[in-house]
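Listed here are the chains, written in short residue letters.
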Amino acid sequence: MRSKIILPKEKNAPMQKQKRYSGFPNTMWVIMLLLAVFTWQCKKDDFKGEVKGNCPTVISTDPANGDTSVVISKKITATFNEVMDPATINTTTFVLKQGVVTVSGTVSFSGVTATFTPTSYLAVNTTYTGTITMGVKDPAGNALRADYVWSFKTGGTSSANQPQVIFTDPTNGAVAVPLNKKIIAGFNKVMNAATINGTTFTLKLGATSVSGLVGYTGTTATFSPTTNLTANTLYTATITKGAKDPAGNGLANNYTWTFTTGAALDTVRPMVIATDPMNGASAVALNKIVTAKFSKSMDPATINSTTYLLKQAGVTVPGGITYSGITATYNPSSNLLSGTTYTATITTGAMDLAGNSLASNYTWTFTTGVTAGQPTVDLGSAGNFVILAGSGVTNTGLTIINGDLGTSPTGTVNGFPPGKVNGSIHAADPTAAQAKIDLTTAYNDAQGRLTGAISLPGNLAGLTLAPGLYSNSSSVIVSGGDVTLDAQGDVNAIFILKMSSTLTTAVGSHVILSGGAQAQNIFWGVGSSATLGTNSIFYGNILADQSISLNTGAVLNGRALTRIGAVTLQSNIVTKP
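Keep in mind it's a predicted model, so treat the numbers as computed, not measured. Each chain carries its own residue numbering, running from 1 in the direction its sequence is written. Reporting in this predicted model follows two pLDDT cut-offs: at least 70 for local features of residues, and 80 or more for side-chain atom pairs to be given and counted; totals over whole chains, interfaces and linings ignore these cut-offs and use all residues. Calculation of side-chain values draws on the structure's entire complement of heavy atoms; hydrogens and water are dropped beforehand.

A. Representation of the pattern of salt bridges in the model. Here, a salt bridge means any side-chain nitrogen of Lys or Arg that lies within 4 Å of a carboxyl oxygen of Asp or Glu. Taken as a whole and assessed by the stated rule, the structure comprises nine salt bridges. Here Asp169 ties to Lys181 by a salt bridge, and the two come within 3.2 Å at their closest N and O atoms. Separated by 12 residues along the polypeptide, Asp169 in strand S9 (residues 165-169) and Lys181 in the loop between strand S10 (174-177) and strand S11 (183-187) bring together distant segments of the chain. For Arg449, the salt bridge goes to Asp445, with nearest N and O atoms at 2.8 Å. Throughout this description, buried means an accessible area under 20% of the type-specific maximum (1.4 Å probe, protein chains only), exposed means over 50%, and partly exposed covers the range between. A residue is classified by how much of its surface remains accessible, and Arg449, at 11% relative accessible area, is buried. Each of Asp266, Lys296 and Asp352 takes part in one network of salt bridges that share partners. Each helix is a run of H or I in the DSSP string that is no shorter than four residues. Each strand is a run of E no shorter than two, and both are numbered from the N terminus.

B. Quick look at the environment of Lys293. Within the element layout of this structure, Lys293 appears in strand S20 (residues 290-294). In sequence terms Lys293 and Ala328 are 35 residues apart; their C-alpha atoms lie 6.4 Å from each other. Residues are treated as being in contact if the distance between any of their heavy atoms lies within 4.5 Å. Ignoring sequence-local partners within four residues, the contact set of Lys293 consists of Met271, Val272, Ile273, Ala274, Ile326 and Thr327.

C. Spotlight on the sheet that holds S10. The criterion for strand pairing is that DSSP finds at least two bridges linking the strands in question. Across the sheet, five strands lie side by side as S10-S17-S16-S12-S13; this open sheet has mixed pairing. Taken across any chain shown, the strands that pair with only one partner, and hence form the sheet edges, are S10 and strand S13 (208-209). Bridge count for strand S12 (residues 201-205) against strand S16 (residues 234-239) is four bridges, and the pairing is antiparallel. Within the sheet, the bridge partner assigned to Leu203 lies in S16 and is Ala237.

D. Molecular detail of a nonpolar patch on the surface. On the surface, Met271, Ile273 and Ile326 cluster together into a nonpolar patch covering about 280 Å² of accessible area. In this fold, Ile326 is placed in the loop between strand S23 (319-324) and strand S24 (327-332). The partly exposed category is assigned to Ile326, whose relative accessible area is 33%. The residues that make up patches have over 30% relative accessible area and no salt bridge, and they are joined within 9 Å when like-charged or within 5 Å when they are Val, Leu, Ile, Met, Phe, Trp or Tyr. Surface exposure here means Shrake-Rupley accessible area, sampled with a 1.4 Å probe, where a residue is shielded only by the protein chains that are shown.

E. The arrangement of unusual backbone geometry in detail. The step from Asp276 to Pro277 runs through a cis peptide bond, and the omega angle for that step is 5°. As for its placement among the helices and strands, Pro277 is situated in the loop between strand S18 (272-276) and strand S19 (281-284). Even without being glycine, Ala176 reaches a positive phi, approximately 55°. Mapping Ala176 onto the fold places it in strand S10. Even without a glycine there, the phi angle at Ser571 is positive, about 50°.

F. The environment of Val284, seen in detail. Residue position: Val284 is located in strand S19. Owing to a relative accessible area of 7%, Val284 belongs among the buried residues under this scheme. In this structure the C-alpha to C-alpha distance between Val284 and Thr368, which are 84 residues apart in sequence, comes to 4.2 Å. Excluding its chain neighbours within four sequence positions, the residues that come into contact with Val284 are Pro277, Phe366, Thr367, Thr368 and Gly369.

In structure tokens:
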């Protein structure tokens, strides 16, 4: 039988009926009241029949609650479960404090993520507290149910300054590694040699340390096992955080890689496979840096002033010698003499990582011209960025940025995701601010070059340009064909193309490199704004005074650096050279 609840209709209703009514569980009324309150908080206009949606929540933060060793250049982010009202996300509702002191910074919002960018680096080894207040609301006006609070602690340095391991030999996962192999690790900067030792560079077979000697030359650390490695065995190499640069900055984390030996020794001698200038080259620039490439990785300790020689009429040319990867570099202390023949030599003292030397001395000659080539444009810290803007970066589509992105003084960065940055984002932080200062210096340098300038045509389509300085007082386009930049065999050749107004490339147009030309040595000085056409392919560093726009599908192998305006992207691939 269905139960029935009888409500009192009259003041003098029978006691039995009143009792039946009052017997309706009081707790039920409490529950209904709580539900009403909850609904009022999360669906403010339900009583009018307008459902506004549930309360928003913070679903993640970066750094996360309780994180330690957070880099002092960190930007703080909070991600919500839904799109929020940007007008409610500001320095009042997104607060960062150190103790009771509020940290100065700017707040931005993109997609579902709020970002707090401190005005200056955070303090080292310090605990900070982040708060998202109930003043944050979604577009329907629904607020957080309570303030969201979390904390984290910084480490001792900035990721912008921390050294990194950029290559190893053997590489991670390598197999059939020779048993007489030395192990090397290359850094992205000069390190404090005293911190590169048997404690910070180790090699292990399982949990057992391998005996060996550790050396350091240039930017490369070397581990030389005391005896040959064991055949068909897995080894683990590690560079620890104790490896530091001269300023005391250590690696962010231990760097570990593994490799497996083969069953044989390496008895193959190394060879010199290429030089720049080439043997017999003429009209070589007076400011030439002389390089030699090997067939395999060499022992950096054997590439020095006794094994790499540059002479003129039997007299040694003063200069500095460095080695990285498979390339040895001789940088003369001053410009070479004009119209003069020079002789370069790599001796048999140069050895590979297994101790094999060249079969014989390798010698080549070249003759200088009468002028120096254009010196490079020094980008300073701006060179650390692949995208750098003055008034923000905006993206639509699946853009991929291979390198760091920055903007200053405006910190707006929109469209990531769906875009992806394979690097760091610096939005109105001190790193971006310094890069902008260095960019201005580089821009003024490029625009101020006058000596030896060649007239730059208004349309470059169909042309082949040699290294040098090119200039015009109007705009430049690439339309109706492609333009080729030919380094004529000089991999160090510098191209500077400056214009007073705009740079525009047409749909599907190409900049083509030949003769050893490299994107890192190409500088486009743009007096106003640059636009790369749909599906075009472009090489070089764009240094623009105003905005830079990459239309849909445009590919840039270089940098997009603008002093004042914004950088706009649309499903592009941009790769730092």
